[in-house]
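In case you want the letters, here they are:
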Amino acid sequence: MRRPARLALTGILAMGALVSCAEEPGTTGSGGGSSVGKVAFLMPDLASTRYEQYDAPLFKKRMGALCQECKVIYQNADSDASLQQQQANSAMAQGAKVIVLDPVDSDSASTIVQMAHSQGVKVIAYDRPVTKKPADFYVSFDNEAIGESIGRSLVGYLEKTGAKGGLLQVNGSPTDAAAGLIKKGIHKAVDDSGFDLLAEYDTPDWSPEKAQQWVSGQIAQYPGRIAGVVAANDGTGGGTIAAFKGAEVKVPPVTGNDAELAAVQRVVSGDQYNTISKPIKTVAEAAAEAAHQLMEGETPKADSTLFDTPSQLFEPTVVTRENLKEVVFGPDGVLKAEDVCTRVYADDCRRLGIE
């Protein structure tokens, strides 16, 4: 059974160096414990801007509240699986007792898990699963539900508006098992939708530029026949939209996922049909709590099992112009109107009642 979560938004601006590394005491909080230790927080890429702005700071803050004297080693592999292996080895050499790992490559990350276990180090898979060697715990969103949600949202809109034509499907990285789950969910939504799937593409490294190049080719191959595009995240969605604008063709409804700042602005303007608001705060805090429990010799509570790993999965929320104000700027939102409603988007924000 999936665990419900508070809404949180991942509208984000990239920050920091291309490969980030920090070892620092956690922020002191009222719930601080007395245990001392090190935990590594290893993120996969900078193509998705959420990791630098939200995941890492939120994880560090919660770890500090749980364990005042614990230290967090943060690194980002910038889409390099070999570099991530080196970062994991470095973290263990520095004394990390738990590794929270969002793998660049879900298959090859099994090497990291095997090496960690041989040294008595626990591993929590975060966001993306490790597929060939079970981690000790897995904390994530329900990625298959994400794919199905954005797909059904798009299909429903196309049916409502009487759209004609077929669909393009822009998937995530072929080395990311979470992308595979999103892809599976999308197919559940579109395969029997009545809209032909014209073509689909697995986007290497989730690259917006590669998504744009591929979609540009499909625009030329299927002129006037593309009714909508199911893109697996906001980066590939942004690349898709750029392809249509570059071809000087009307942009059809395009999906997304992650609710990055630029994507929220595209939803405001109508360039992007939907995105997914993920409970980043909830998931980052859950990972910190699981890490602390493992450091204390306790077993985190799972609500499901995925890839033979005890798992805790959280529910996302689809965001369109209809509920954007409530989700983005509600009590659990993290963006402010001034973040989104810059001069370019001010008029559209006012039309949506966002001020």
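Just so we're clear, the structure is a prediction, and the values are computed from it rather than from any experiment. (Residues numbered from 1 in each chain as written. Predicted model: local features only at pLDDT ≥ 70, side-chain atom pairs only at ≥ 80, totals over all residues. Heavy atoms only, no water.)

Colleague: Sorry, what's going on with the overall build of the protein here?
Modeller: Scanning the protein from N- to C-terminus turns up 12 helices and 13 strands. Evaluated residue by residue, the protein yields a buried proportion of 56% over its 355 residues. Within the protein, contacts between residues separated by at least 24 positions form 76% of all contacts whose residues are at least 6 apart in sequence. With an accessible surface of roughly 14,600 Å², the protein has 48% of that area assigned to carbon and sulfur atoms. (Helix = DSSP H or I, 4+ residues; strand = E, 2+ residues; numbered from the N terminus. Buried < 20%, exposed > 50% of the residue type's maximum accessible area, 1.4 Å probe, protein only. Contact = heavy atoms within 4.5 Å. Areas by Shrake-Rupley, 256 points an atom, 1.4 Å probe, with all protein chains shown as cover.)

Colleague: What is the right way to look at empty space enclosed by the protein in this model?
Modeller: Scanning all chains against the criterion turns up 2 cavities of 30 Å³ or more. Roughly 110 Å³ of internal volume is contained in the largest cavity. Along the wall of the largest cavity there are 14 residues; nearest its centre are Arg50, Tyr51, Asp127, Trp206 and Lys278. Of all the elements in the fold, those that place two or more residues in the lining of the largest cavity are helix H1 (50-66) and helix H5 (177-190). Grouping the constituent residues of the lining of the largest cavity by class yields 4 nonpolar, 4 polar and 6 charged. Residue lining of the second largest cavity: Pro44, Asp45, Ser79, Val104, Arg128, Ser173, Thr175, Asp205 and Trp206, and that is the complete set. Grouping the constituent residues of the lining of the second largest cavity by class yields 3 nonpolar, 3 polar and 3 charged. (1 Å grid on protein atoms, 1.4 Å probe; cavity = no way out; pocket = protein on both sides within 12 Å on 5 of 7 lines; lining within 4 Å. Points joined across faces, edges and corners; volume = space filled by probe spheres on them. Nonpolar A, V, L, I, M, F, W, Y, C, P; charged D, E, K, R; others polar.)

Colleague: Explain the packing of helix H4 (residues 143-161) against H5 here, please?
Modeller: Between two packed helices, the angle of one axis relative to the other and the distance separating the axes together describe the packing. At a closest axis distance of 6 Å, the pairing of H4 and H5 adopts a crossing angle of 35°. Note that H4 runs across H5; the crossing there is right-handed. Residues Asn143, Glu144, Gly147, Glu148, Ile150, Gly151, Arg152 and Val155 of H4 touch H5, and the partners they reach there are Ala178, Leu181, Ile182, Lys184, Gly185, Ile186, Lys188, Ala189 and Val190. Among the residues making up the contact of H4 with H5, the classes are represented as 8 nonpolar, 4 polar and 5 charged. (Axes fitted to C-alpha atoms, helices over the stretch in contact; angles between N-to-C directions. Left-handed = near helix turned anticlockwise from the far one by under 90°.)

Colleague: What am I meant to see in the packing of H1 against helix H9 (residues 280-295) here?
Modeller: At a minimum axis distance of 8 Å, the contact between H1 and H9 shows a crossing angle of 45°. With respect to H9, the element H1 is oriented oblique. The two elements H1 and H9 cross, and the hand of that crossing is right-handed. Contacts between H1 and H9 involve Arg50, Tyr54, Asp55, Leu58, Phe59, Arg62, Met63 and Leu66 from the first element and Ile280, Lys281, Ala284, Glu285, Ala287, Ala288, Glu289, Ala291, His292 and Met295 from the second. Looking at the contact of H1 with H9 residue by residue, the class counts come to 11 nonpolar, 1 polar and 6 charged. (Parallel < 35°, antiparallel > 145°, perpendicular 65-115°, else oblique.)

Colleague: Would you mind showing me how to read the pattern of salt bridges here?
Modeller: Opposite charge on two side chains allows them to pair when their charged atoms are near. With the rule as written, the count across this model stands at 17 salt bridges. One salt bridge in this structure joins Asp102 and Arg128, with 3.6 Å as the shortest N-O distance. Taken together, the positions of Asp102 in the loop between strand S4 (96-101) and helix H3 (110-118) and Arg128 in the loop between strand S5 (122-126) and strand S6 (137-141) put the pair 26 residues apart, joining distant regions of the chain. Across the pair, exposure class does not vary: Asp102 and Arg128 are buried alike. Residues Glu148 and Arg152 are paired through a salt bridge, measuring 2.9 Å at the closest nitrogen-oxygen approach. Residue Glu148 and its partner Arg152 are both found in helix H4; the two are separated by 4 residues, about one turn of the helix. Three or more residues joined by partner-sharing salt bridges are found here, namely Glu144, Glu148, Arg152, Lys184 and Lys188. (Salt bridge = Lys/Arg side-chain N within 4 Å of Asp/Glu carboxyl O.)

Colleague: Just to check I follow, could you spell out the packing of aromatic side chains for this structure?
Modeller: Any pair of aromatic rings gets described here by the distance separating the centres and the angle formed by the planes. Enumeration over the complete set of coordinates arrives at 5 aromatic pairs. Seen from their ring centres, Tyr201 and Trp214 are 5.2 Å apart, and the 5° between their planes marks the pair as stacked. Residue Tyr201 is found in strand S8 (residues 197-202), and its partner Trp214 is found in helix H6 (residues 208-221); the two are separated by 13 residues along the sequence. You can call Trp214 buried: its relative accessible area is 14%. Here the aromatic residues Phe41, Phe59, Tyr74 and Tyr126 are joined through ring pairs into a cluster of three or more. (Phe/Tyr/Trp six-rings, centres within 6.5 Å; stacked < 30°, edge-to-face > 60°.)

Colleague: What am I meant to see in the environment of Gly120 here?
Modeller: One can find Gly120 in the loop between H3 and S5. With 23 residues separating them along the chain, Gly120 and Lys97 place their C-alpha atoms 7.6 Å apart.

Colleague: Mind showing me how you'd approach the side chain of Thr255 here?
Modeller: As for its placement among the helices and strands, Thr255 is situated in the loop between helix H7 (234-246) and helix H8 (261-269). Since its relative accessible area comes to 0%, Thr255 is described here as buried. Engagement of the side chain of Thr255 in a polar contact is seen with the backbone nitrogen of Ala231, the distance being 2.7 Å. When residues no more than four places from it in sequence are discounted, the contact partners of Thr255 are Ile150, Leu154, Val229, Val230, Ala231, Asn233, Gly237, Gln272 and Asn274. (Polar contact = N/O pair within 3.5 Å; in protein donor to acceptor, adjacent residues only side chain to side chain.)

Colleague: Looking at this structure, how should I read the confidence of the model for the protein?
Modeller: As a general rule, the predicted coordinates of low-pLDDT regions are not to be interpreted in detail. Summing up the model confidence of the protein, the mean pLDDT is 90 and the portion of residues at 70 or higher is 89%. Here residues 1-22 scores under 50 on pLDDT; set against residues more than four positions off or in separate chains, the count is 85 contacts. pLDDT under 50 marks residues 25-35. Its contacts with residues more than four places away, or in other chains, come to 30 contacts. (pLDDT = per-residue confidence, 0-100.)

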